[in-house]
Amino acid sequence: MRRGSAERELAERWELETEAKAKAAAEQVGVDAGAAGEPERKAGEEQPKAPAPEQPRAAEEGDAGVSPRPPPALPQDRPKPALARGPGQHGKPRSKGRSCKRSCGRLPDECGALRPVTVDSSKAKTSLDALKISIRQLKWKEFPFGRRLPCDIYWHGVSFHDNNIFSGQVNKFPGMTEMVRKITLSRAVRIMQSLFPQEYNFYPRSWILPDEFQLFVAQVQMVKEGDPSWKPTFIVKPDGGCQGDGIYLIKDPTDARLAGTLQSRPAVVQEYMCKPLLIDKLKFDIRLYVLLKSLDPLEIYIAKDGLSRFCTEPYQEPSAQNLHHVFMHLTNYSLNIHSGNFIHSDSTSTGSKRTFSSILCRLSSKGVDIKKVWSDIISLVIKTVIALTPELKVFYQSDIPTGRPGPTCFQILGFDILLMKNLKPVLLEVNANPSMRIEHEQELSPGVFENVPSVVDEEVKVAVIRDTLRLMDPLRKKRDSQCQHLALARREEPADGEQTGAPDSNTNPEAHLPSICLKQVFPKYAKQFNYLRLVDRMANLFIRFLGIKGTMKLGPTGFRTFIRNCKLSGSSLSMAAVDILYIDITRRWNSMALDQRDSGMCLQAFVEAFFFLAQRKFKLLPLHEQVASLIDLCEYHLSLLDEKRLASSRGGPHPQGGPPGADSPQPAGGNPPPRTCGANRLGHPRHALS
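Throughout what follows, the structure given in this document is the object of discussion. (Residues numbered from 1 in each chain as written. Predicted model: local features only at pLDDT ≥ 70, side-chain atom pairs only at ≥ 80, totals over all residues. Heavy atoms only, no water.)

## Overview of the overall build of the protein
Item 1. Counting secondary structure elements, the protein contains 24 helices and 19 strands.
Item 2. Counting all 690 residues of the protein, 47% fall into the buried class.
Item 3. Here the contacts in the protein between residues at least 6 apart in sequence split such that 67% fall between residues at least 24 apart.
Item 4. Approximately 35,100 Å² of the protein is accessible, and the part contributed by carbon and sulfur atoms is 54%. (Helix = DSSP H or I, 4+ residues; strand = E, 2+ residues; numbered from the N terminus. Buried < 20%, exposed > 50% of the residue type's maximum accessible area, 1.4 Å probe, protein only. Contact = heavy atoms within 4.5 Å. Areas by Shrake-Rupley, 256 points an atom, 1.4 Å probe, with all protein chains shown as cover.)

Structural data, given as structure tokens:
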């Protein structure tokens, strides 16, 4: 521990000394250049020192362990030099050597570039190699042992659990690891399936064990009685499992292995998709990388390329004889790499791991509509993220409450998708920590392994990490503004040989990089999917009434306040009935929770209660319209309450009239106008997403 602390302290001291030297060299170069451009100096002004040679300055940059670059900019609290300006603030003359254009005849980037973006990688794990390559390509600055001063970006390997970060950006969202566990994901998607069954039919029918074991047995028996020809297969996935651990197939709910699972750990059992698309007679899945750039407002990006992981045994539909053939049915790379048939290839279009783009090219050559395939995959990703965001918001406000200092978050997710024989995409699972390793183990001799580079992994994963960093670049706007000023300056003075002969990299620091591989899909396609965000609006109501910052469960007082403020109680629903509703639903959900330390109503219990209230109040509508109508009603009454409080604080009259933005007057009874446009809001045309 002492040795690590001493090394970190030496690294920080070395860093500060290096930055101070570079800063002093930059200021000295500016003064010297100013002196060369203005030989006549005022009386009594100190004569400049002889210009420093270029070679020693390059040696300092080499000592700092970074590639040579223009001297770092002055501290941010000093004003930036402008291209052309009059006297400084308060009428004082400009300092000689500070104006690049007039004093030294150089463009601004030649006198001082923006400081490099700083990345703290001290908590990165499996993504270290790909991360280091990405930072090197971007010419940013990495701090592998951490830094005493704040960094711009913090790259964590597993999850967000760091209360010592008060600024910058972290590559993990609070609660994401919990949200994509198999049970939690299944519950989140199931809520959306109850509202929009056709829109969410990309997720297999699922049951949660042990809580729903009896329901599982009863439903399977009922379907078999109605259709004796139905011969289903089910796949059992432990809730906390990863890399294929503990996964197995069964044909009947009475399988003895299932009884053992019920006693050992929670799991999800799903209907097995037995007609996948095959290539070279092998089953495969797709690993797509999705960047959740922001939660509120929601921003989603999808990588243009991904990985295809192949099984290593020719596929046959499940039977009693082949259920245990994991190399035939399970596509997990961590399992198939141990097969003697696994093929490591330096080509992106052959072997047991290939790029997704190579698969699309092969399908396109056979006449498959690739745009339709991509459109369906994009739709699946957006709908899945919409199902996850409500509870993510609750986690976020708990770890980073509004009004307290904290970082902003982003995260790369791994979506595992199976293409069926009819090219319909099916969601298998979502990974909060997808592997970013760019090498694989190769057995040189029995028991002797060596890590060798993987061409396929490096091509896909380095691009994803590098372009994620580019999108999250906190200095991007400043850099773009500087580039615009440089381009303008060159147009104004084309005769200056030193400026016109400058390389393009001065104007565009990313000129040496390929185009960004991440494509925005939301809010780009928001109009086609916003009608699905009903649970997201319920989560906003839930968070409003939590009361205490940092909590994730709604107490009985908060639930009663919600009922009162939204005018939901009355002759048909007394407050005593509200209390009973709260107790019954909360008790049932708490009994199913893995963590029973906190008491109160969780978001999913609140959603169930909200569904119950919507069905009581709007009996003749479909469920999604019942829920949407109740949300409209709650938001309307809360907006009136907010306006009333605002008016009271200002001493003005109380607001009157209908709901905000409504053209018709408010009807009697205090309810907003009926939802005449509900069908239009829910009936968005389905355009191809390309």
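## Regarding the sheet that holds strand β5 (residues 206-209)
Item 1. A sheet is described by the order of its strands in space; here four strands give the open sequence β5-β8-β6-β7, paired in antiparallel fashion. If you trace the sheet from one side to the other, it starts and ends with β5 and β7 (248-250), each paired once. Each neighbouring strand pair of the sheet contributes to a mean axis angle of 25°, computed without reference to strand direction.
Item 2. In this sheet, β7 lies alongside strand β6 (residues 234-238) in antiparallel orientation, the contact comprising three bridges. Within the sheet, the bridge partner assigned to I235 lies in β7 and is L249.
Item 3. Helix α8 (residues 213-226) rests against β5, β6 and β8 (267-271) of the sheet, and its axis sits at about 145° to β5.
Item 4. Against the sheet, helix α9 (residues 256-264) contacts β5, β6, β7 and β8, and its axis sits at roughly 125° relative to β7. (Pairing = 2+ DSSP bridges. Axes fitted to C-alpha atoms, helices over the stretch in contact; angles between N-to-C directions.)

## Thoughts on the packing of helix α20 (residues 556-565) against helix α22 (residues 603-617)
Item 1. Here α20 crosses α22 at 30°, and the two axes come no closer than 13 Å. With respect to each other, α20 and α22 are oriented roughly parallel. In terms of crossing hand, the pair formed by α20 and α22 is right-handed. Counted together, F559, F562 and I563 of α20 and F606, A609, F610 and L613 of α22 form the full contact between these two elements.
Item 2. The residue makeup of the contact of α20 with α22, split by class, is seven nonpolar, no polar and no charged. (Parallel < 35°, antiparallel > 145°, perpendicular 65-115°, else oblique. Left-handed = near helix turned anticlockwise from the far one by under 90°. Nonpolar A, V, L, I, M, F, W, Y, C, P; charged D, E, K, R; others polar.)

## Concerning unusual backbone geometry
Item 1. Note that the residue after D296, namely P297, is joined by a cis bond; omega there is 10°.
Item 2. The omega angle of the peptide bond from F522 to P523 is 15°, so this bond is cis rather than trans.
Item 3. Mapped onto the fold, P523 is located in the loop between β19 (518-522) and α18 (526-529).
Item 4. The backbone of K139 sits at a positive phi, close to 60°, despite the residue not being glycine.
Item 5. Its place among the elements puts K139 in the loop between α5 (128-138) and β2 (141-143).
Item 6. Residues other than glycine seldom take positive phi values, yet D280 does so here, at roughly 55°.

## Section: the sheet that holds strand β3 (residues 153-156)
Item 1. On the basis of which strands lie adjacent, the open sheet formed by five strands has the order β2-β1-β3-β4-β14 and parallel pairing. Lying at the two open borders of the sheet, with one neighbouring strand each, are β2 and β14 (408-409).
Item 2. Two strands pair when backbone bridges link them, and β3 and strand β4 (residues 169-170) are joined in this way by two bridges, in the parallel orientation. Across the sheet, the residue bridging to Y154 is V170, located in β4.

## Brief notes about the packing of aromatic side chains
Item 1. Counting across every chain of the model gives 18 aromatic pairs.
Item 2. Ring centres 5.4 Å apart and planes at 40° place the aromatic pair Y200 and F202 in the tilted group.
Item 3. Since its relative accessible area comes to 6%, F202 is described here as buried.
Item 4. Centre to centre, the rings of F562 and F610 are 6.3 Å apart; their planes meet at 35°, and the pair counts as tilted. With a gap of 48 residues between them, F562 in helix α20 and F610 in helix α22 connect regions that are remote in the sequence. The residues F562 and F610 share a single accessibility class, namely buried.
Item 5. Within the aromatic cluster, the residues linked to one another by ring pairs are F542, F545, F559, F562, Y582, F606 and F610.
Item 6. If you follow K353 out to its NZ or CZ, it ends over the ring of Y333, 3.7 Å from the centre.
Item 7. A cation sits over an aromatic face here: R354 above F310, 4.1 Å from the ring centre. (Phe/Tyr/Trp six-rings, centres within 6.5 Å; stacked < 30°, edge-to-face > 60°. Lys NZ or Arg CZ within 6 Å of the ring centre and 35° of its normal.)

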